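Topology and contacts: notes
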Amino acid sequence: QVQLAESGGGLVQPGGSLRLSCAASGFSLDYYAIGWFRQAPGKEREGVSCIGSSDGRTSYADSVKGRFTISRDNAKNTVYLQMDSLKPEDTAVYYCATDASGVCSSHSFFGSWGQGTQVTVSS
């Protein structure tokens, strides 16, 4: 089975940090670009960050630039999202997803998704 599993979410105070992981089983992430997305209740899903497969090019939503960092460890078949200086507005379920093109672009298609991990930022 091809599966993605997010982990690392939890409750954190404003200004705190969390590190999310996206681990793949049944396939290698080497081939894919990986995107992080988030969705809060009653709101549309939004793209947070993306990392390419070959060149490792990264992209970020303006709302998280300077605070979040995406990285990948192909040896561990895992992609990470380091989240620093967290704000209440970051509260959402965070998902990772794969794009078989291997490149992050405006027309990427993310065909495989994990189940999500909850991030709550509150005092």
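Notes on the structure follow. (Residues numbered from 1 in each chain as written. Predicted model: local features only at pLDDT ≥ 70, side-chain atom pairs only at ≥ 80, totals over all residues. Heavy atoms only, no water.)

1. A look at the packing of aromatic side chains
For the structure on display, the rule yields 5 aromatic pairs. Taking 6.5 Å as the distance between ring centres and 75° as the angle between the ring planes, the aromatic pair formed by Y95 and W113 counts as edge-to-face. One end of the pair, Y95, is in strand β9 (residues 92–99); the other, W113, is in strand β10 (residues 112–113), with 18 residues separating them in the sequence. The exposure class of W113 is partly exposed, given its relative accessible area of 28%. Through a chain of ring-to-ring contacts, three or more aromatic side chains come together here, namely F37, Y95, F110 and W113. (Phe/Tyr/Trp six-rings, centres within 6.5 Å; stacked < 30°, edge-to-face > 60°. Helix = DSSP H or I, 4+ residues; strand = E, 2+ residues; numbered from the N terminus. Buried < 20%, exposed > 50% of the residue type's maximum accessible area, 1.4 Å probe, protein only.)

2. Focus on the sheet that holds strand β1 (residues 3–7)
Taken in spatial order, the 4 strands make up an open sheet running β1-β3-β8-β7, and their pairing is antiparallel. Since the sheet does not close on itself, it has two edges, and those belong to β1 and β7 (68–73), each with one partner. Adjacent strand axes in the sheet meet at a mean angle of 15°, parallel and antiparallel pairs treated alike. Here β1 runs beside strand β3 (residues 18–25); their pairing, made up of 5 bridges, is antiparallel. Bridged to A5 within β3 is A23. (Pairing = 2+ DSSP bridges. Axes fitted to C-alpha atoms, helices over the stretch in contact; angles between N-to-C directions.)

3. Thoughts on the nonpolar core
Among the nonpolar cores identified, the biggest contains 27 residues, and W36, F68, V79, L81, M83 and Y94 are the most heavily contacted of them. When contributions to this core are tallied by element, the ones reaching two or more residues are β3, β4 (33–39), β5 (46–51), β7, β8 (78–83), β9 and β11 (117–121). If one sorts the elements of this core by residue count, β3 sits on top with 4 residues. Among residues more than four places away in sequence, those in contact with Y94 are E6, L20, W36, F37, R38, V48, F68, L81, M83, G116, T117 and V119. (Core = buried A, V, L, I, M, F, W, Y, C linked by side-chain atoms within 4.5 Å. Contact = heavy atoms within 4.5 Å.)

4. Some remarks on the pairing of β5
With 5 bridges joining them, β4 and β5 adopt antiparallel strand pairing. Directly across from R38, in β5, lies its bridge partner E46. The sheet contact formed by β5 and strand β6 (residues 58–60) spans 3 bridges and is antiparallel. The partner of I51 across the bridge, within β6, is T58. What sits between β5 and β6 in their antiparallel hairpin is a turn of 6 residues, with G56 showing a positive phi close to 70°.

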